[in-house]
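Each chain, letter by letter, is given below.
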Number of protein chains: 2
Amino acid sequence: MLLTLLTTLLMCLPVGEAQTLSSPDGNLEMTFVLSEDGSPNYALQYKGGNVVMPSVLGYKFRGRASAKTPENYMRVGYDTLDFHSGFRVKDVQRSTFDQTWSPVWGEESRIRNNYNELAVTLEKDGIDMIVRFRLFDDGLGFRYEFPQQKGLRYFTVLDELTEFRMAGDHMAWWLAGDYDTQEYNYGESRLSQVRDLLPGTLIDGASQHVVAPTAVQTSLQMKTDGGLYVNIHEAALIDYPTMTLILDDEDFSFKADLTPDATGYRGRLCAPCSSPWRTVMVVDDARKVLASRLILNLNESCALDDVSWIRPVKYMGVWWEMITGMSAYAYGGAKAHGAESGNVRRYIDFASEHGFDAVLVEGWNEGWSDWFGKQKDEVFDFVTPAPDFDIEGLNEYAHSKGIRLMMHHETSSSVVNYERCIDDAFDMMKRYGYDAVKTGYVGNIIPYGEHHYGQFMVNHYNRVLRKAAEHKIMVNGHEAVRPTGICRTYPNLVGNESALGMEFRSQVLPHHVTILPFTRLQGGPMDFTPGIFEMDMSKLRASSRQQIHSTLCKQLALYVTQASPLQMAGDLPEHYLRHMDAFQFIKDVALDWERSVYLEAEPGDYVVTARQAKGSGEWFVGGVTDENAREMTVSLDFLEPGKKYVARIYRDAPDADGVSNTYETGSEACSRYEIIEKKVTSKTKLKLHMAPSGGFAISIK
Amino acid sequence: MLLTLLTTLLMCLPVGEAQTLSSPDGNLEMTFVLSEDGSPNYALQYKGGNVVMPSVLGYKFRGRASAKTPENYMRVGYDTLDFHSGFRVKDVQRSTFDQTWSPVWGEESRIRNNYNELAVTLEKDGIDMIVRFRLFDDGLGFRYEFPQQKGLRYFTVLDELTEFRMAGDHMAWWLAGDYDTQEYNYGESRLSQVRDLLPGTLIDGASQHVVAPTAVQTSLQMKTDGGLYVNIHEAALIDYPTMTLILDDEDFSFKADLTPDATGYRGRLCAPCSSPWRTVMVVDDARKVLASRLILNLNESCALDDVSWIRPVKYMGVWWEMITGMSAYAYGGAKAHGAESGNVRRYIDFASEHGFDAVLVEGWNEGWSDWFGKQKDEVFDFVTPAPDFDIEGLNEYAHSKGIRLMMHHETSSSVVNYERCIDDAFDMMKRYGYDAVKTGYVGNIIPYGEHHYGQFMVNHYNRVLRKAAEHKIMVNGHEAVRPTGICRTYPNLVGNESALGMEFRSQVLPHHVTILPFTRLQGGPMDFTPGIFEMDMSKLRASSRQQIHSTLCKQLALYVTQASPLQMAGDLPEHYLRHMDAFQFIKDVALDWERSVYLEAEPGDYVVTARQAKGSGEWFVGGVTDENAREMTVSLDFLEPGKKYVARIYRDAPDADGVSNTYETGSEACSRYEIIEKKVTSKTKLKLHMAPSGGFAISIK
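Residues numbered from 1 in each chain as written. Chains lettered and ligands numbered in written order. Predicted model: local features only at pLDDT ≥ 70, side-chain atom pairs only at ≥ 80, totals over all residues. Heavy atoms only, no water.

**Student:** Just checking my understanding: could you explain the overall build of chain A for this structure?
**Tutor:** Helices and strands together make up the secondary structure of chain A, namely 13 helices and 37 strands. In terms of C-alpha radius of gyration, chain A reaches 26 Å, essentially the compact-globule figure of 27 Å for 701 residues. Here the C-alpha coordinates of chain A stretch approximately 70 × 65 × 50 Å along the principal axes. Contacts in chain A between residues far apart in sequence, at least 24 positions, make up 71% of those at least 6 positions apart. Accessible area for chain A stands at about 23800 Å²; split by element, carbon and sulfur atoms hold 48% of it. (Helix = DSSP H or I, 4+ residues; strand = E, 2+ residues; numbered from the N terminus. Rg over C-alpha atoms; globule rule 2.2 N^0.38 Å. Contact = heavy atoms within 4.5 Å. Areas by Shrake-Rupley, 256 points an atom, 1.4 Å probe, with all protein chains shown as cover.)

The structure is reproduced here in structure tokens:
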């Protein structure tokens with residue numbers, strides 16, 4: 001098999017100006033070549049084995065406008081400009097980079113950025129395009145660059161042709177490609193099965209546009225039969241449409257598909273400019289995927305001069321009660337208004353008592369009585385509180401108790417309206433002392449015909465980030481584009497949703513959180529809103545039959561397996577009051593990390609991670625499993641040798657079960673847990689049981 | 001012929017629930033009927049003769065969403081909801097209205113609004129739609145109304161089916177239907193010739209989208225062989241797309257064509273709501289078209305509590321020198337920057353000396369060096385002056401001389417950007433003392449795929465008006481939608497372009513200004529920028545071969561024939577200095593009128609109008625002709641009998657010629673004029689010669 005592939009590779013790579021590039025450790029080798037017709041191709045090998053077969057690079061641009069004629073007086077047409085063949089190599093530059101940098105917050109305090117670089121300047125008809133490759137030990141990044149030059153200033157993309165030709169029918173953990181939502185379940189299958197399984201992964205939502213029957217989103221995690229973990233994503237998505245991958249399920253190749261704008265164009269560019277980085281991570285151990293900093297390293301360093309105001313935030317919210325239908329977002333209806341001042345004060349009291357930083361209040365403003373699914377232009381103004389939400393008094397009350405309120409800007413995807421109002425909205429936030437905003441983009445986008453992941457919206461999200469930074473406001477963007485490491489450049493982007501979160505309750509499959517760290521979290525942290533203690537939704541709303549399929553300990557583990565500087569305790573205060581011993585872990589767990597160790601991991605099966613808190617030096621360990629129970633042996637050899645620690649272990653009880661709960665049986669088996677304290681050292685090996693859809697959490701002092 | 005048509009009419013009108021409505025004077029009769037399949041129709045007769053043959057009313061709406069199936073999991077489809085047949089008449093209401101109102105400014109100080117009304121409530125499947133007809137002595141207005149009701153709240157228009165079936169192959173003065181521009185020449189032809197002649201009327205522009213080979217814009221002026229003047233337009237275009245008319249040139253009927261949004265929908269409505277008024281003016285004398293207030297009467301009364309700050313404005317501008325290429329909009333290029341402070345002061349000095357109110361300065365701000373035709377999102381910020389434009393000093397200087405500067409907001413059609421910036425922009429205007437803004441929408445609209453005349457943009461223009469009113473700012477909108485009488489409701493809309501203006505120089509045909517009062521000006525005043533004294537463009541820019549085809553006296557006449565509270569003296573101070581005797585008319589002419597008398601008029605041929613100034617009681621008379629010379633006898637019987645007046649007459653010299661000038665011959669013959677003073681009374685009849693593309697102007701004290 002390997003020989004066949006190698007032969008194919010050699011046959012496909014025409015002789016000529018081949019350029020090779022090796023990773024610093026020599027395991028990866030990238031080959032760039034122009035074929036006889038001047039078409040650029042690249043290929044990638046790991047220890048001599050093919051990972052990416054020779055794959056196309058290039059574009060189709062909009063070319064010259066057609067002349068008007070008596071027959072064609074009504075509409076101007078445009079030629080297609082071939083920017084994928086007919087090139088010559090004009091210049092080749094090589095360099096090496098090795099630097100260690102410190103993020104403002106993150107999974108570790110120091111990140112090494114080490115790569116070898118090859119920049120090939122291609123020329124066609126007097127126009128230059130640079131393809132820049134960076135080869136790291138854990139993968140490849142490459143992008144297209146368009147210098148400002150005579151003959152190229154403003155131009156329009158019809159299609160980006162970039163291919164990723166896989167060497168086989170790999171296993172994959174994939175999300176259906178959609179221009180408007182990531183709130184689907186992951187498929188877990190061979191590439192050849194994507195087409196059949198994709199419809200079953202979809203979840204109805206307020207805005208969705210499935211791209212194609214075999215389209216999948218990035219970050220896409222794959223595993224070869226040879227045991228290599230291959231992950232395709234993009235980094236530094238700025239002023240460019242988001243890439244989806246369209247799978248050819250006969251030869252297992254992917255083609256880039258850029259999110260079109262309302263007129264069908266897939267990018268409006270102005271030189272000098274560049275594409276985002278296209279990334280192919282290749283590692284031989286699943287844990288190395290989680291340890292990879294490829295995406296962050298390919299982003300620009302921090303653009304903010306002052307980051308002193310950016311801080312980790314542990315928060316509660318007047319939110320779950322509305323999500324579950326207990327109370328209402330809207331003021332004045334039949335159901336109680338969640339954001340009513342007295343109710344908000346109750347959350348502030350609880351959050352303050354237990355050491356939280358903030359309380360999110362949704363439904364605080366006017367507009368909620370008639371907003372959903374209407375594609376109304378003017379809905380919310382972001383400054384007018386509901387009559388029973390005492391914005392001034394509540395902020396004063398919160399501040400007196402060491403709590404900040406977190407602002408909520410649901411835009412209803414009327415982005416034109418949000419952009420009209422945002423200056424006033426941010427000014428008002430600062431007036432009352434808010435320093436963080438959760439934004440929301442529920443529903444189809446206005447401007448009509450634009451998509452959540454098109455260039456217009458990518459620019460919008462980044463515009464909001466920049467504007468927020470000017471106001472020293474942290475942003476937690478929901479329904480926004482999947483992150484691509486932008487948080488390195490704008491560390492006030494402390495969270496994103498951009499995947500199925502706990503709000504989907506019974507629709508979250510048990511394996512979901514064992515996949516997220518390999519995929520969605522590669523680009524940045526997620527406001528997953530874990531910490532749900534009551535799994536039986538009928539307890540919150542009598543008419544609900546929904547059950548969350550997770551043990552309570554798995555909920556605790558998520559605070560470690562899914563690192564984020566912004567973590568919510570999603571459930572209601574009254575539910576925490578019933579399990580204050582377990583709640584202690586949520587109170588204790590850190591949000592920002594000195595170091596992370598990925599102990600065990602396999603996508604779709606399990607993840608066990610240990611992290612050392614920045615500052616205190618305490619360790620926290622979390623483990624989660626899919627629908628299968630597992631026995632795990634956790635070696636604590638990351639601890640300082642010779643030092644004695646006390647570990648507090650939160651683990652599923654032997655008879656706990658996070659999967660079998662139904663409305664009829666109730667969810668009592670989900671919340672069977674044990675908490676034990678134990679003296680440990682770096683030599684300790686803990687044997688831990690995880691129930692079906694279970695997990696464990698450990699704090700080590 | 002008449003008999004045949006009547007027979008056709010009777011055959012088409014099925015027996016049943018026919019309703020008739022007469023105009024107050026009884027000359028017009030409208031018939032509404034439901035045909036056997038429940039399709040609503042209307043017809044209009046003038047003195048028993050057919051003007052509008054039975055014509056369809058109704059809509060196609062977006063209906064139910066298709067269910068998702070395994071085969072159709074990717075995209076939701078929608079049924080078409082037939083809202084043009086299957087109706088029953090649920091209710092009929094009749095009423096009469098007669099009221100006289102006073103506009104804030106306009107062609108006369110008191111306007112009578114007198115009509116008989118018929119409101120037919122149609123019901124289908126439990127949903128009501130009201131068709132409301134108002135029949136005036138000079139025409140019909142009707143609109144669709146959608147009360148808020150169970151089963152109808154948010155809905156989407158696929159097509160408005162309204163027809164206007166003409167009774168013959170009328171002569172017509174028409175503008176090619178386009179979703180983005182009105183800057184075309186008028187065609188003058190039989191309806192049957194529109195298709196052949198339309199391409200020849202088009203002018204290349206920065207944004208254009210011709211609707212169809214026989215599509216024409218409103219206001220559309222027609223004339224029947226029987227001598228009736230029929231004009232189709234719309235009134236009160238609010239939260240709805242602009243209507244174009246698609247001509248069926250075999251049976252001479254028009255169908256409404258609503259400007260689609262970026263996704264192809266033709267209206268996103270929320271009950272309670274209504275369509276704009278569709279209007280059919282029918283009069284037996286061309287002068288009555290000019291005297292009609294049908295469009296204003298169908299608009300809502302003034303929405304502003306305080307209008308004291310709205311004032312007529314006579315202005316000059318740092319503009320013509322850029323339009324003609326003498327100087328540059330952009331700072332820092334090879335060509336001198338027009339808005340340079342010293343140059344602006346020169347205009348302020350001249351404008352102040354000659355009693356003007358304001359000076360427009362274009363190119364005053366950053367962004368002009370790279371803006372045109374790029375569809376860039378972020379171009380202008382509307383607050384950053386060019387380095388050589390001393391915004392504070394110039395405003396102080398202007399104010400010290402009794403002049404206000406007029407702000408210029410060229411948006412480059414990046415409406416998303418303008419809406420982001422407009423609050424800051426208006427705040428800055430007020431800070432420096434600006435009270436009027438000229439807005440511009442050159443280029444294709446952002447949001448991508450939207451059109452200048454779509455609902456999104458209609459809402460934008462009205463949003464700008466409302467926001468400007470809050471800041472006490474008057475608006476002069478260029479490249480905006482053709483006006484539909486909105487200035488009655490928002491009298492701070494003191495001007496619009498929305499047609500070919502003087503800036504098109506040699507492209508303005510001699511008959512153009514004899515058509516505008518019948519068409520474009522029906523909806524509101526135009527910032528036509530007349531008063532060009534130098535017709536030879538090579539005098540301004542050596543490389544130009546352009547010649548304006550107009551006599552100087554015709555330029556003067558336009559200040560009267562084209563009433564507007566906002567009038568520019570478009571030419572350069574140095575050109576006026578050469579003809580100060582003629583310039584006196586521009587200095588003298590009023591902007592707001594007590595009374596207007598339409599002395600002679602024929603579309604495409606000539607217009608002679610007399611107007612009495614509000615306040616002073618002085619009279620001004622203007623006459624313009626097309627390419628043909630004419631001898632006119634002007635009776636001054638509008639003057640107060642027995643009173644003696646002095647008339648100052650500005651007339652073409654006998655050898656003047658506004659048509660024959662070429663680059664080779666020069667334009668000297670255009671500026672041959674005579675000025676005489678004469679004592680006149682109400683019995684005086686003036687014989688006046690108009691040169692080819694000539695005219696005359698008279699001031700009477």
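**Student:** How should I be thinking about the pairing of strand E3 (residues 40-46) of chain B in this particular structure?
**Tutor:** Consecutive side chains of a regular strand alternate in pointing toward one face of the sheet and then the other. All names here are of chain B. Most of E3 is tucked away, with seven of its seven residues classed as buried. Covered by surrounding structure in E3 are Pro 40, Tyr 42, Leu 44 and Tyr 46 together with Asn 41, Ala 43 and Gln 45, the residues of both alternating faces. Direction of pairing for strand E2 (residues 28-34) relative to E3: antiparallel, over a ladder of seven bridges. The residue of E3 that forms the bridge with Val 33 is Asn 41. For E3 and strand E4 (residues 49-56), the ladder comprises five bridges, and the chain directions are antiparallel. In the sheet register, Tyr 42 faces E4, and the bridge partner there is Ser 55. (Buried < 20%, exposed > 50% of the residue type's maximum accessible area, 1.4 Å probe, protein only. Pairing = 2+ DSSP bridges.)

**Student:** What exactly am I supposed to notice about the side chain of Thr324(B) here?
**Tutor:** All names here are of chain B. Looking at where Thr 324 falls in the secondary structure, it is placed in the loop between helix H5 (320-323) and helix H6 (341-353). Within the local environment of Thr 324, its side chain forms a polar contact with the backbone oxygen of Trp 320, the two atoms lying 2.7 Å apart. Sequence-distant contacts of Thr 324, defined by excluding residues within four places in its chain, comprise Arg 505, Met 537, Leu 540 and Arg 541. (Polar contact = N/O pair within 3.5 Å; in protein donor to acceptor, adjacent residues only side chain to side chain.)

**Student:** Looking at this structure, how should I read unusual backbone geometry?
**Tutor:** All names here are of chain B. For the peptide bond that leads from Ala 271 to Pro 272, omega is 5 degrees, which places it in the cis range. As for its position among the elements, Pro 272 is in the loop between strand E20 (268-270) and strand E21 (273-274). Of note, the bond from Ile 446 into Pro 447 is cis; its omega dihedral lies within 30 degrees of zero at 20 degrees. Considering the arrangement of structural elements, one finds Pro 447 in the loop between strand E26 (436-440) and helix H9 (455-470). The phi angle at Ala 236 is positive, at roughly 60 degrees, despite the residue not being glycine. Its location among the elements puts Ala 236 in the loop between strand E17 (229-235) and strand E18 (243-248).

**Student:** How should the state of the cysteines be read in this particular structure?
**Tutor:** Put plainly, a disulfide is one covalent bond tying together the sulfur atoms of two cysteines. Per the counting criterion, the structure on display carries zero disulfides over all chains. Note on Cys273(A): no disulfide assigned, nearest cysteine sulfur contributed by Cys270(A) at a separation of 7.0 Å. A disulfide-free cysteine, Cys421(B) has its sulfur positioned 14 Å from the sulfur of Cys421(A), the nearest such atom. Looking at Cys421(B), the relative accessible area reads 14%, which means it is buried. (Disulfide = S-S within 2.5 Å.)

**Student:** Please explain the relation of the copies chain B and chain A as it appears in this structure.
**Tutor:** For the pair of chain copies, the relating transformation is a rotation about an axis with a translation along it. Its rotation angle being 180 degrees, the transformation that places chain B on chain A also includes 0.1 Å of axial translation and leaves an RMSD of 0.0 Å. Given the turn and translation reported, the copies of this chain are related as if by a two-fold rotation axis. In terms of C-alpha distance to the rotation axis, chain B has Arg420(B) as its closest residue, with the C-alpha 2.4 Å off the axis. (Least-squares fit on C-alpha atoms with pLDDT ≥ 70 in both.)

**Student:** Would you mind going over the pattern of salt bridges with me for this structure?
**Tutor:** Close approach of charged atoms allows side chains with opposite charge to pair. Residues and elements named next belong to chain A. Within this structure, the stated rule accounts for 102 salt bridges over all chains. In this structure, Lys 255 and Asp 159 form a salt bridge, with 3.0 Å as the shortest nitrogen-oxygen distance. On the criterion of sequence distance, the pair formed by Lys 255 in strand E19 (residues 253-258) and Asp 159 in strand E11 (residues 154-160) is long-range, its members being 96 residues apart. A relative accessible area of 26% places Lys 255 in the partly exposed class. Judged by its relative accessible area of 16%, Asp 159 is buried. A salt bridge links Glu 163 to Arg 165; its shortest N-O distance comes to 3.3 Å. Residue classification places Glu 163 among the buried positions, given a relative accessible area of 16%. Classification of Arg 165 as partly exposed rests on a relative accessible area of 23%. Each of Glu 117, Arg 132, Arg 134, Arg 143 and Glu 145 takes part in a single network of salt bridges with overlapping partners. (Salt bridge = Lys/Arg side-chain N within 4 Å of Asp/Glu carboxyl O.)

**Student:** Please explain a negative patch on the surface as it appears in this structure.
**Tutor:** A cluster of like negative charges, contributed by Asp424(A), Asp427(A), Glu366(B), Asp381(B), Asp424(B) and Asp427(B), occupies part of the molecular surface. Looking at the secondary structure, you find Asp427(A) in helix H8 (residues 415-432). (Patch = residues over 30% accessible without salt bridge, like charges linked within 9 Å, V, L, I, M, F, W, Y side chains within 5 Å. Lys, Arg positive; Asp, Glu negative; His and termini not counted. Charge placed at Lys NZ, Arg CZ, Asp CG, Glu CD.)

**Student:** It is not clear to me how the interface of chain B and chain A should be interpreted in this structure. Could you clarify?
**Tutor:** The figure often quoted for interface size is the accessible area lost as the parts come together. With 38 residues of chain B at the interface, the matching set in chain A holds 38 residues. Summing the contributions of chain B and of chain A, the shared interface buries around 3100 Å²; its carbon and sulfur component is 53%. Looking at the side of chain B facing chain A, the largest losses of area belong to Tyr73(B), Tyr154(B) and Tyr448(B), adding up to 21% of the total buried there. Joining chain B to chain A, the criterion identifies 10 salt bridges. Linking Arg153(B) and Asp370(A) is a salt bridge whose minimum nitrogen-to-oxygen distance equals 2.9 Å. Among the secondary structure elements, those contributing two or more residues to the side of chain B that touches chain A are helix H2 (194-201), helix H8 (415-432) and H9 of chain B. (Buried area = accessible area lost by both parts, 1.4 Å probe.)

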